[in-house]
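Summary of structural features
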Amino acid sequence: MSVAILRRPPAAVDADLAQAFPPLLAQVLANRGIHRRDELPLELGALPSFASLKGVGEAVELLERALREGRRILIVGDFDADGATSTALALRALRAMGAAQVDYLVPNRFEYGYGLTPEIVEVAADYQPDLLITVDNGISSLRGVAAAQARGIKVLVTDHHLPGAELPAAEAIVNPNQPGCEFPSKNLAGVGVIFYVMSALRSRLREAGYFSEKGLAAPNLGDLLDLVALGSVADVVPMDRVNRILVAQGLARIRAGRGCPGITALLRIARRDPGRVVSSDMGFAVGPRLNAAGRMDDMGIGIDCLLCDDPVRADRYAAELDALNRERRDTEGAMREQALAIVERMHLDEEAGLPFGLCLYDPEWHPGVVGILASRIKERLHRPVIAFSDSGESEVKGSARSVSGLHIRDALDAVAAAHPGMLNKFGGHAMAAGLSLERDQLEPFKRAFDAEVRRHLLEDDLRGVVHSDGELDLDAIDLPQVEALRYAMPWGQGFVEPIFDGLFDVISRRVVGDKHLKLELRPAEGGEVMTAMAFFADLEGPAMEADRLHIAYRLDVNEWRGERSVQLIVESIDG
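This write-up is about the structure you can find in this document.

Procedures and definitions
Each chain carries its own residue numbering, running from 1 in the direction its sequence is written. Where totals are concerned, whole chains, interfaces and linings use all residues; where local detail is concerned, this predicted model gives features only for residues with pLDDT of at least 70, and gives and counts side-chain atom pairs only at 80 or more. Side-chain numbers here rest on the full set of heavy atoms in the structure, without hydrogens or water. The helix and strand labels rest on DSSP assignments: H or I over at least four residues marks a helix, E over at least two residues marks a strand, and numbering proceeds from the N terminus. Exposure categories follow from relative accessible area, calculated using a 1.4 Å probe and restricted to protein chains: below 20% of the type maximum is buried, above 50% is exposed, and the middle band is partly exposed. The contact criterion used is simple: two residues touch if any of their non-hydrogen atoms lie within 4.5 Å. To measure how exposed things are, a 1.4 Å probe is used in the Shrake-Rupley method; for residues, cover is taken only from the protein chains shown. Under the counting rule used here, the positive set is Lys and Arg, the negative set is Asp and Glu, and His together with the chain ends is not counted. The atom standing in for a charge is NZ when the residue is Lys, CZ when it is Arg, CG when it is Asp and CD when it is Glu. Axis lines are fitted through C-alpha atoms, for helices just across the contact stretch, and the angle between N-to-C directions can take any value from 0 to 180 degrees. Note on angle classes: values under 35 degrees are labelled roughly parallel, values over 145 roughly antiparallel, values of 65 to 115 roughly perpendicular, and the remainder oblique. Each crossing gets its handedness from the near helix: less than a right angle anticlockwise from the far helix is left-handed, clockwise is right-handed. For this document, the term salt bridge refers to a Lys or Arg side-chain nitrogen within 4 Å of an Asp or Glu carboxyl oxygen. Paired strands are those between which DSSP finds at least two bridges. In what follows, a disulfide is any cysteine sulfur pair within 2.5 Å. Patches draw on residues past 30% relative accessible area with no salt bridge. Two like charges within 9 Å are joined, as are two nonpolar side chains (Val, Leu, Ile, Met, Phe, Trp, Tyr) within 5 Å. Contacts described as polar in this section are N or O atom pairs within 3.5 Å, which, within protein, must combine one atom able to donate a hydrogen with one able to accept it, while residues neighboring in sequence count only if both atoms come from side chains. What is meant by a nonpolar core is a set of buried Ala, Val, Leu, Ile, Met, Phe, Trp, Tyr and Cys residues, joined one to another through side-chain atoms within 4.5 Å.

Overview of the overall build of the chain
Along its length, the chain carries 18 helices and 17 strands. A buried classification covers 54% of the 575 residues belonging to the chain. Once local pairs closer than 6 in sequence are excluded, the contacts in the chain between residues at least 24 apart make up 66%. Taken as a whole, the chain presents about 24600 Å² of accessible surface, with 48% of it coming from carbon and sulfur. In the chain, 63 side chains carry a positive charge and 85 a negative one; their mean positions are 4 Å apart.

Okay, structure coming up:
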């Protein structure tokens, strides 16, 4: 499928911004809606107060009582990187504040599925908890909360997912997306929400003299921001100012050697220098290895890695997670080939072409990998994709990924409203969601989903677009400028890393590792030859044939045998 490289119209650069930053960085920031220097500081003091989080007062009361009375606390997490970091953060914070009986439970996705279900409450009851705390889940767990309360267990829900029409009747709910919450950022990840709750608890305990009474030092929760940075980037939440502050502070701690041993070990095994870590390392190196535990086995391995304080043991956990990630990549590669074969048959069998909303299903697909499969096919075909696998005798579960212009969770909500009983359950975000339905409902769901997508997207919306910040004179770009761009901000979803474009003559090309393409390129108008890497390249596309390419790229630093040089990372080839 073709991808268009479109240049952003250069935004006007305010004089205040122009005085504070080099011209290239000032222009990039202006292109992302930054106009004044006072919009940029990333100190913790610039964060909004926890006081505006609806439910935080009730949450703190529950937690303070549990700590003072020595109650058993059980954290119920999720099986992705956000859930793992949320769980680890809650455990580290509560233990630092004197919790003697606190443990965690993460549902195995292959046995129990997502969230606080009545079934997982039965498992949780074996821990004999007095208080359950959900992290990165719970906002849709009406039956699970009721089941816990029927057993005399109090429930605190902390979540960031969009709520349904009815909220669970928990003792307290903290979720910036719940009705009536005035917290200024609606984009916190689950780990950001629990960080705020723990910060509010520490503040209450300090004011009440709790730490002096217990002979404890009040913990510096800033030390847990490495977990917040990892979970936020890996969950691809929009990088608004609140998340930029949280991520920037976490990355700064890792670069200063203050990251937890588990994250440091994961960076090293991914061959990333902890002293030079940037947000993309969290998203493309650490996050996938942590997620591999929940996809292929049990997220307990990942959480134990994040909780580990022994560097030697952390290295062993990281090696185990790296092996699981290699297994995940192999499984995903085979599934991707099968999915593309299904798509090819659709091209041949249907005169109308591919559906706008594409649903793919294979009973043998690994249920832990369908989410990343949906992402890969979405990137290739530039349309919303749901990949399904079997889940029991009669049910299928799907993982959905969307494109700009379609809020995928709202689309599923619309399908459910128009077709009562079609979906067993669903939930998620604007760009990603999960759902389950009976297998005999799959074909009618495919038609209903495609019809709903067509209500929101036109044919032109299905062409991939990469937005560029313009063309660069690469001969004038040096390592200090590249590093200034890399470290200026924690780039991410909604605040994308600078991308540039240009025409290049291909001097040489070779395939690396069967999936990637290494290119030697010279700007079409002349200049020095540059090295470029196209990861997971289309090895049958124009990149393998054309003598001249129009590419969109990021600037990166290549390190080889102690030498450092500017390198291009190919984002797209216009074809």
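Re the packing of helix α4 (residues 81–96) against helix α9 (residues 225–234)
α9 packs onto α4 with a crossing angle of 160° between their chain directions and a minimal axis gap of 8 Å. In terms of axis orientation, α4 runs roughly antiparallel to α9. Relative to α9, the crossing made by α4 is left-handed. Judged by residue contacts, A81, D82, T85, A88, L89 and R92 of α4 engage L227, V228, L230, G231 and A234 from α9.

A word on the pattern of salt bridges
Under the criterion given, the structure shown has 34 salt bridges. Among the salt bridges present, the one from R7 reaches E471, with a minimum N-O distance of 3.5 Å. Taken together, the residues span a long stretch of sequence, with R7 in strand β1 (residues 3–7) and E471 in the loop between β12 (464–468) and α18 (479–488) at a distance of 464 residues. Classification of E471 by relative accessible area gives partly exposed; the value is 48%. A salt bridge links R336 to E332; the nearest nitrogen and oxygen atoms lie 2.8 Å apart. Remark: E332 and R336 occur in helix α14 (residues 311–349); sequence separation between them is 4 residues, near one turn of the helix. When sorted by exposure, R336 lands in the same class as E332, which is buried. Residues participating in the shared-partner salt-bridge network are D273, R276, E483, E559 and R564.

Description of the pairing of strand β3 (residues 102–105)
Note: strand β2 (residues 73–76) against β3, 4 bridges, orientation parallel. Paired with L74 across the two strands is D103, which belongs to β3.

Remarks on the state of the cysteines
Tallying each qualifying case throughout the model produces 0 disulfides. No disulfide involves C305; its nearest neighbouring cysteine sulfur is the one of C308, lying 6.9 Å away. Given the relative accessible area of 0%, C305 is considered buried.

Concerning the sheet that holds strand β16 (residues 548–560)
Taken in spatial order, the 5 strands line up as β13-β14-β15-β17-β16 and close into a barrel, and their pairing is mixed. Going from strand to strand, the sheet's axes swing by 45° on average, the running direction of each strand aside. Pairing geometry for strand β13 (residues 500–512) and β16, over 6 bridges, is antiparallel. Pairing of F504 across the sheet is with L549, part of β16. Strand contacts of α18: β13, β16 and β17 (563–573), with the helix running at about 95° to β16, the strand carrying the most contacts.

A look at the environment of G428
Here G428 shows up in strand β10 (residues 425–428). Owing to a relative accessible area of 8%, G428 belongs among the buried residues under this scheme. Taking the C-alpha atoms as reference points, G428 and P163, separated by 265 residues in sequence, lie 9.0 Å from one another. Setting aside its immediate chain neighbours within four residues, G428 contacts H161, L162, R409 and A433.

With respect to the sheet that holds β3
Pairing in this open sheet of 5 strands is parallel, and the strands run β3-β2-β4-β5-β6 from one edge to the other. With one partner strand each, in any of the chains shown, β3 and β6 (172–174) form the two edges of the open sheet. Averaged over all pairs of adjacent strands, the angle between their axes in this sheet comes to 20°, without regard to strand direction. Bridging between strand β5 (residues 154–158) and β6 involves 3 bridges; their strand directions are parallel. Paired with L156 across the strands is A172, a residue of β6. Where helix α7 (residues 190–207) meets the sheet, its contacts fall on β4 (131–135), β5 and β6, and the angle it forms with β5 comes to roughly 120°.

So, a negative patch on the surface
A surface patch of like charges, here negative, comprises D297, E320, E327 and D330. For E320, the location among the structural elements is in helix α14. Taking the relative accessible area as the measure of exposure, E320 reaches 38% and is therefore partly exposed.

Describing unusual backbone geometry
Positive phi outside glycine occurs at V236, with the angle close to 55°. The residue V236 is located in the loop between α9 and α10 (241–255) in this model. Backbone geometry places R271, a non-glycine residue, at a positive phi of 60°. Tracing the chain through its elements places R271 in the loop between α11 (261–269) and α12 (279–296).

Brief notes about the side chain of R401
Here R401 is to be found in strand β9 (residues 395–401). Look at R401: it is buried, it has no salt bridge, and the nearest opposite charge is D80 at 7.9 Å. A polar contact is formed between the side chain of R401 and the side chain of S399, at a distance of 3.1 Å. Those residues in contact with R401 that lie beyond four places of it in its chain are G371, A374, S375, K378, P384, V385, M431, A432 and A433.

Focus on the nonpolar core
I75, L94, I133, M198, M282, L360 and L555 are the most contacted members of the largest nonpolar core, which has 144 residues in total. Residues in contact with L94, not counting those within four places in the same chain, are L63, L67, I73, I75, A99, V102, I133, M198 and L201. Counting 25 residues, the second largest nonpolar core, distinct from the first, contains A400, A411, L412 and L435.

What is shown is where atoms sit, not what they do.
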